[in-house]
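Structural overview
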Amino acid sequence: MRLFLDIGNTAMKWRLNLPDGGCRQGGHAHQRDWWGLAAELAQVCAQQPPAVLWVGSVAGREADAELAQALKAVLNVTPRFYYSPATDLGLRNAYADPARLGVDRWLAVVEAWHREGAAIIVDCGSALTIDAVDADGMHLGGYIVPGLTMLRTSLFRGTAQVRVTDPVSTSLAPGRSTSAGVENGVLRMSVAFITDVVVELRKTLTDTCPVFMTGGDAAVLQPHLPFAALADADIVLDGLERVVAAGASGEEPA
Ligand SMILES: Nc1ncnc2c1ncn2[C@@H]1O[C@H](COP(=O)(O)OP(=O)(O)O)[C@@H](O)[C@H]1O
Ligand SMILES: CC(C)(COP(=O)(O)O)[C@@H](O)C(=O)NCCC(=O)O
Ligand SMILES: [K+]
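Residues numbered from 1 in each chain as written. Chains lettered and ligands numbered in written order. Predicted model: local features only at pLDDT ≥ 70, side-chain atom pairs only at ≥ 80, totals over all residues. Heavy atoms only, no water.

1. Considerations on the site of ligand 1
- For ligand 1, the full set of nearby residues is Gly-8, Asn-9, Thr-10, Ala-11, Lys-13, Cys-124, Gly-125, Ser-126, Thr-149, Gly-215, Gly-216 and Asp-217.
- In this structure, Thr-10 approaches ligand 1 through a main-chain N or O atom, which is 2.8 Å from an oxygen atom.
- Measuring from an oxygen atom of ligand 1, one finds a side-chain N or O atom of Thr-149 at 2.4 Å.
- In the shell around ligand 1, the residues fall into two nonpolar, eight polar and two charged.
- Of the residues that make up the shell around ligand 1, three or more belong to each of domain 1 (2-81) and domain 2 (97-233). (Near = heavy atom within 4 Å. Polar contact = N/O pair within 3.5 Å; in protein donor to acceptor, adjacent residues only side chain to side chain. Nonpolar A, V, L, I, M, F, W, Y, C, P; charged D, E, K, R; others polar. Domains from an automatic or database assignment.)

See the structure below:
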């Protein structure tokens, strides 16, 4: 059995491949409790202990080493960690220092390109990232900005009175309360940013270049975008499964 993990800064997602070709998957916020996560996965795999365990993590190498230790101790499997390479499966990483590119971003780019060729990938996670890849598999780089929660908390931390204290029916309209001013403001800022980048990128990529939306806030942002996009919550896990199936070597975090 193969077990795949996508570890972000807020949430983790897992996928267990089953003998019948299907899979089980789940995920939730992790609070960086790596031993608790390993124990939970031991429960998940109780009936089907994984022979192979692959991890795509952006939690940092120290966290990866602790997670690896926990997974080895609890699941009795040595996890392989996949980090962004310079090239893989026909794609080329835009970064001069390829390993610095978040592996979640790289895996989503790999998966999107193999499905659609030229593509734009928006990951609405703890950070909101946008990446582009051209028809030849050249990663063009991208952007990293705070996600919705980070935007809100930066306002709360940086001011005495700005708080979201009551429920808001969020829209792009001017807010008529502090709560609505914040919720509509961070939404509109994020939507405007995504739209601006997509319009710009479509001038060099094909003008119908597909846009993939993923991440915990994708469902909040997508309805406000003035163009169709492909919602895909699993694109990072799909990319990890793809590179492993193609023979990725991975590494044990130092
Ligand atoms: N149930 C949830 N738990 C945590 N974050 C959530 C949840 N639902 C929506 N979010 C939003 O999604 C963001 C996390 O995005 P996600 O893609 O799940 O995590 P990661 O950034 O770890 O990949 C949070 O900052 C929050 O704004
Ligand atoms: C930008 C990210 C924090 C996004 O991760 P997430 O918000 O999904 O937790 C992650 O891709 C990362 O740590 N990247 C490293 C820096 C870079 O990609 O340039
Ligand atoms: K992510």
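2. Examining the sheet that holds strand 2 (residues 11-17)
- Read from one edge to the other, the open sheet built from five strands follows the order 3-2-1-4-5, with strand pairing classed as mixed. Strands with a single pairing partner mark the edges of an open sheet, and in this sheet they are strand 3 (23-29) and strand 5 (80-81).
- One ladder, built from five bridges, connects strand 1 (residues 2-7) with strand 2; its direction is antiparallel. Bridge pairing links Leu-5 to Trp-14 in strand 2.
- Contacts between helix 7 (residues 235-245) and the sheet are confined to strand 1, strand 2 and strand 4 (52-57), with strand 1 contributing the most and set at about 135° to the helix. (Pairing = 2+ DSSP bridges. Helix = DSSP H or I, 4+ residues; strand = E, 2+ residues; numbered from the N terminus. Contact = heavy atoms within 4.5 Å. Axes fitted to C-alpha atoms, helices over the stretch in contact; angles between N-to-C directions.)

3. Some remarks on the domain arrangement of the protein
- With domains assigned, the protein is organised as domain 1 (2-81) and domain 2 (97-233).
- Spacing between the C-alpha centres of domain 1 and domain 2 amounts to 26 Å.
- Facing five residues of domain 1, the contacting portion of domain 2 comprises four residues.
- Between domain 1 and domain 2, roughly 380 Å² of surface is buried when both sides are summed, and carbon and sulfur atoms account for 62% of that area.
- At the surface where domain 1 touches domain 2, the tally comes to zero salt bridges. (Buried area = accessible area lost by both parts, 1.4 Å probe. Salt bridge = Lys/Arg side-chain N within 4 Å of Asp/Glu carboxyl O.)

4. Quick notes on the site of ligand 2
- Among the 14 residues in the neighbourhood of ligand 2, the closest are listed as Asn-9, Tyr-95, Asp-104, Arg-105 and Ala-127.
- Between Arg-105 and ligand 2, the recorded distance is 2.8 Å, taken from a side-chain N or O atom to an oxygen atom.
- Relative to its unbound accessible surface of 460 Å², ligand 2 loses 81% to contact with the protein.
- Among the elements of the structure, helix 3 (103-116) and strand 9 (127-133) are those that each provide at least two residues to the shell around ligand 2.
- Classifying every residue of the shell around ligand 2 by side-chain character gives five nonpolar, six polar and three charged. (Areas by Shrake-Rupley, 256 points an atom, 1.4 Å probe, with all protein chains shown as cover.)

5. So, the packing of aromatic side chains
- For the coordinates displayed, the defined rule picks out two aromatic pairs.
- Ring geometry for Phe-81 versus Tyr-83: centroids 6.3 Å apart, planes at 20°, classification stacked. In terms of burial, Phe-81 and Tyr-83 fall into one category: buried.
- On the numbers, 5.7 Å between centres and 90° between planes, the contact of Tyr-143 with Phe-193 is edge-to-face. Here Phe-193 lies in helix 5 (residues 178-204) and Tyr-143 lies in strand 10 (residues 139-146), a separation of 50 residues in the sequence.
- According to the relative accessible area criterion, Tyr-143 is partly exposed, its value standing at 40%.
- When the ring centre of Tyr-83 is taken as reference, the NZ or CZ atom of Arg-61 above it lies at 3.5 Å.
- The ring of Phe-227 has Arg-202 lying over it, and the distance from NZ or CZ to the ring centre is 5.4 Å. (Phe/Tyr/Trp six-rings, centres within 6.5 Å; stacked < 30°, edge-to-face > 60°. Buried < 20%, exposed > 50% of the residue type's maximum accessible area, 1.4 Å probe, protein only. Lys NZ or Arg CZ within 6 Å of the ring centre and 35° of its normal.)

6. Structural notes on the UniProt feature "active site" (unreviewed entry) in the protein
- Sites flagged by UniProt as "active site" (unreviewed entry) map to Asp-104.
- Its location among the elements puts Asp-104 in helix 3.
- In this structure Asp-104 comes out as buried when scored by relative accessible area, which is 18%.
- In contact with Asp-104, other than residues within four places in its own chain, are Val-58, Asp-123 and Val-236. (UniProt positions renumbered as here; feature names shortened; annotations may be inferred.)

7. Points about the coordination of the potassium ion (ligand 3)
- For the potassium ion (ligand 3), the full set of protein donor atoms is Asp-104 (OD) and Asp-123 (OD), and the range of their distances to it is 3.0 to 3.1 Å. Separated by 19 residues along the polypeptide, Asp-104 in helix 3 and Asp-123 in strand 8 (residues 119-124) bring together distant segments of the chain. One exposure class covers both Asp-104 and Asp-123, and it is buried. (Donors = N, O, S within 2.8 Å, 3.2 Å for Na, K, Ca; no water.)

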